[in-house]
Amino acid sequence: MAGAQTEGIAKQKPDPTQFVNVFIGTNGMGHTFPGACYPNGAVQLSPDTDTIPHNIDGVYQPRVYDYCAGYQYRDNTIVGFSHTHFSGTGHSDLGDILIMPYSGRTKLRPGTKDNPDRGYRQRYRHETETASPGYYAVTLDDDSIRCELTATPHCGVHRYTYAKGAAQKIILDLQHGLYNYDGKTLWAQCNVVNSHTLVGYRLTNGWSRTNYTYYCIHFSKPIKHYGCRDFYHNGYKGFWNKFDTGHDFPEMGGRKLVTWFEFEEEGNDALEITVALSATGIEGAERNIEYFENEYDGADDKFDEALAAARLAWQQRMYQFEVEGNDDQKAMSSASLYHCFINPSLY
């Protein structure tokens, strides 16, 4: 339906988003991100290209300021795709709920830009990268995974197309964050509800002293195996020591929690993931997933339908303005308008 509406509007007047270059401001100190979002939506789903902490042993790291929005165009590796970002600010936080697809050996540390093979981050090239309002795509070179992102008002929607016959896995890093530092994550929880669904939250002490990000995640394929590690060394674990909490244990939690999931390789090579966020509780995130599923019930491809709806929303928002000038002037003005409609965001 959204696709038909978009086509109808396009016949009436030119697409006002055609001049939007979402990469404007992503190199240097522009502090913008190129990822997918819905106008004033709760989710800003975008790649993060490094993991510079705010401080190490109390000593401020100046390069952290480069990553206020998580992304620098000059980088050649991607750590993963997180769901919350500021745009154009002179300070930072967020970077919540990071997902990274992979096929090879499971690594729970992100590695470094200089030595990405030590962790789960992957190399990429700008030649494979494309983005427009409501859409972002890139190919991860190390595992040949095509990554596509879009968004709804309350959800981030992923589509990962793996190499034919390759294992289909993801990292869900609940320790990752922007302007991160040791102790910023006070607790993270991830519960496996069933073979297709996760719920949980992340509690951080950053710009906001107690920032809860609740989530519900739905997978298009059933989970085959999963596991986790809490990199916080707690000397006391109570009766949890009776269980192998690191492998196929449905209640995972910790201060420095990193989880992994492997999926049944059924049907095609694409894995679709919907991540709903809420500031009020897990029940709110579950309702947002339910709304998404009902909205696109019966769709041949929910990702494509959500993408069409996001593009339509951006077109409708920007049809309110008419930009005149040469192509460069139109690009700058259109990008500025686009950035104006990212925030304030739904809460």
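Anything mentioned here points back to the structure above.
Residues numbered from 1 in each chain as written. Predicted model: local features only at pLDDT ≥ 70, side-chain atom pairs only at ≥ 80, totals over all residues. Heavy atoms only, no water.

Concerning the nonpolar core
For clarity, the threshold we go by: The set of buried Ala, Val, Leu, Ile, Met, Phe, Trp, Tyr and Cys residues whose side-chain atoms join them within 4.5 Å is what this entry labels a nonpolar core. Think of it in three bands: with a 1.4 Å probe and only protein chains considered, a residue is buried below 20% of the maximum accessible area for its type, exposed above 50%, and partly exposed in between. Secondary structure elements follow DSSP: runs of H or I of four or more residues count as helices, runs of E of two or more count as strands, with numbering from the N terminus. It only takes one pair of heavy atoms within 4.5 Å for two residues to be counted as in contact.
Judged by nonpolar contacts, the single largest core of 61 residues is most densely connected at Phe 81, Leu 172 and Phe 261. In terms of residue count, strand E19 (residues 257-263) provides more of this core than any other element does, five residues in total. Residues contacting Phe 261, with those up to four places away along its chain left out, are Gln 168, Lys 169, Ile 170, Leu 172, Cys 190, Val 192, Leu 198, Ile 223, His 225, Tyr 226 and Met 252. Judged by nonpolar contacts, the second largest core, of 15 residues, contains Ala 137, Val 199, Ala 285 and Ile 289.

Things to note about helix H3 (residues 302-318)
Operational definition: To estimate the expected span of a helix, subtract one from its residue number and multiply by 1.5 Å.
Taking 1.5 Å per residue, 17 residues should reach 24 Å; H3 reaches 24 Å between its end C-alpha atoms and fits that length. Along H3, the positions that sit buried rather than exposed are Phe 303, Ala 306, Leu 307, Ala 308, Ala 309, Ala 310, Leu 312, Ala 313, Trp 314, Gln 315 and Met 318.

Focus on the sheet that holds strand E20 (residues 270-278)
Picture the strands of a sheet paired through backbone hydrogen bonds; they go either parallel or antiparallel. Threshold: We call two strands paired when DSSP finds no fewer than two bridges between them. Lines fitted to C-alpha atoms define the axes, with helix axes restricted to the stretch in contact, and inter-axis angles between N-to-C directions lie between 0 and 180 degrees.
Taken together, the nine strands give an open sheet; going across it, the order is E9-E10-E11-E12-E20-E16-E15-E14-E18, and neighbouring strands pair in antiparallel fashion. In the strand order of this sheet, the two ends are held by strand E9 (130-132) and strand E18 (251-254), each with one partner. With strand direction ignored, the average angle separating the axes of adjacent strands in the sheet is 15°. In the packing of helix H2 (residues 282-295) onto the sheet, the strands contacted are strand E12 (155-161), strand E15 (197-204), strand E16 (211-219) and E20, and the crossing angle to E20 comes to about 135°.

What to know about the pattern of salt bridges
A side chain with one charge may pair with a side chain of the opposite charge, provided their charged atoms come close. Put simply, the rule reads: Between Lys or Arg on one side and Asp or Glu on the other, a salt bridge is scored when a side-chain nitrogen of the former is within 4 Å of a carboxyl oxygen of the latter.
Applying the stated criterion across every chain, the model contains 15 salt bridges. Measuring nitrogen to oxygen at the nearest pair gives 3.1 Å for the salt bridge that ties Lys 113 to Asp 75. Here the residue Lys 113 occupies a position in the loop between strand E7 (98-102) and strand E8 (122-123), and Asp 75 occupies one in the loop between strand E4 (59-60) and strand E5 (77-78), the gap between them amounting to 38 residues. Ionic pairing is found between Asp 301 and Arg 159, a salt bridge with its closest N-O pair at 3.0 Å. Note that Asp 301 is positioned in the loop between H2 and H3 and Arg 159 in strand E12, a separation of 142 residues in sequence. Connected via shared salt-bridge partners are Asp 50, Arg 63, Asp 75, Lys 113 and Arg 121.

Considering unusual backbone geometry
Residues other than glycine predominantly adopt negative phi, and peptide bonds predominantly adopt the trans conformation. Going from Asn 343 to Pro 344, the amide bond is cis rather than trans, its omega being 0°. Considering the arrangement of structural elements, one finds Pro 344 in the segment after helix H4 (327-340). Unusually for a residue other than glycine, His 31 sits at a positive phi of about 60°. By the element assignment, His 31 lies in the loop between helix H1 (2-12) and strand E1 (36-37). Positive phi values are uncommon outside glycine, yet Ser 144 reaches one of about 55°.

Side note on the packing of aromatic side chains
Heads up, the rule is: For Phe, Tyr and Trp, rings pair up if their centres lie within 6.5 Å, where Trp contributes its six-membered ring, and each pair is then called stacked (planes under 30 degrees apart), edge-to-face (over 60) or tilted (otherwise). To sit over a ring, a charge needs its Lys NZ or Arg CZ within 6 Å of the ring centre and within 35 degrees of the ring normal.
The tally for this structure, following the rule as stated, stands at 14 aromatic pairs. Both rings, one in Phe 23 and one in Tyr 73, keep their centres 5.8 Å apart while their planes meet at 75°; by these two values the pair is edge-to-face. Pair noted here: Phe 23 is in the loop between H1 and E1 and Tyr 73 is in the loop between E4 and E5, with a separation of 50 residues, a long-range link. Classification of Phe 23 by relative accessible area gives buried; the value is 18%. Aromatic pair Tyr 212 and Tyr 214: ring centres 5.6 Å apart, planes at 5°, arrangement stacked. Taken together, the ring pairs in this structure connect Phe 219, Tyr 226, Phe 261 and Phe 263 into an aromatic cluster. In this structure, Arg 311 packs its charged tip against the face of Tyr 135, placed 5.3 Å from the ring centre.

A few points about the side chain of Thr 84
Inclusion rule: Two N or O atoms form a polar contact when they lie within 3.5 Å of each other; inside protein one atom must be a possible hydrogen donor and the other a possible acceptor, and for residues adjacent in sequence the pair counts only when both atoms belong to side chains.
Here Thr 84 shows up in the loop between strand E6 (80-82) and E7. Within the structure, the side chain of Thr 84 is placed 2.7 Å from the side chain of Asp 96, a separation counted as a polar contact. Filtering out sequence-adjacent residues up to four positions away, Thr 84 remains in contact with Gln 44, Leu 94, Gly 95, Asp 96 and Leu 277.

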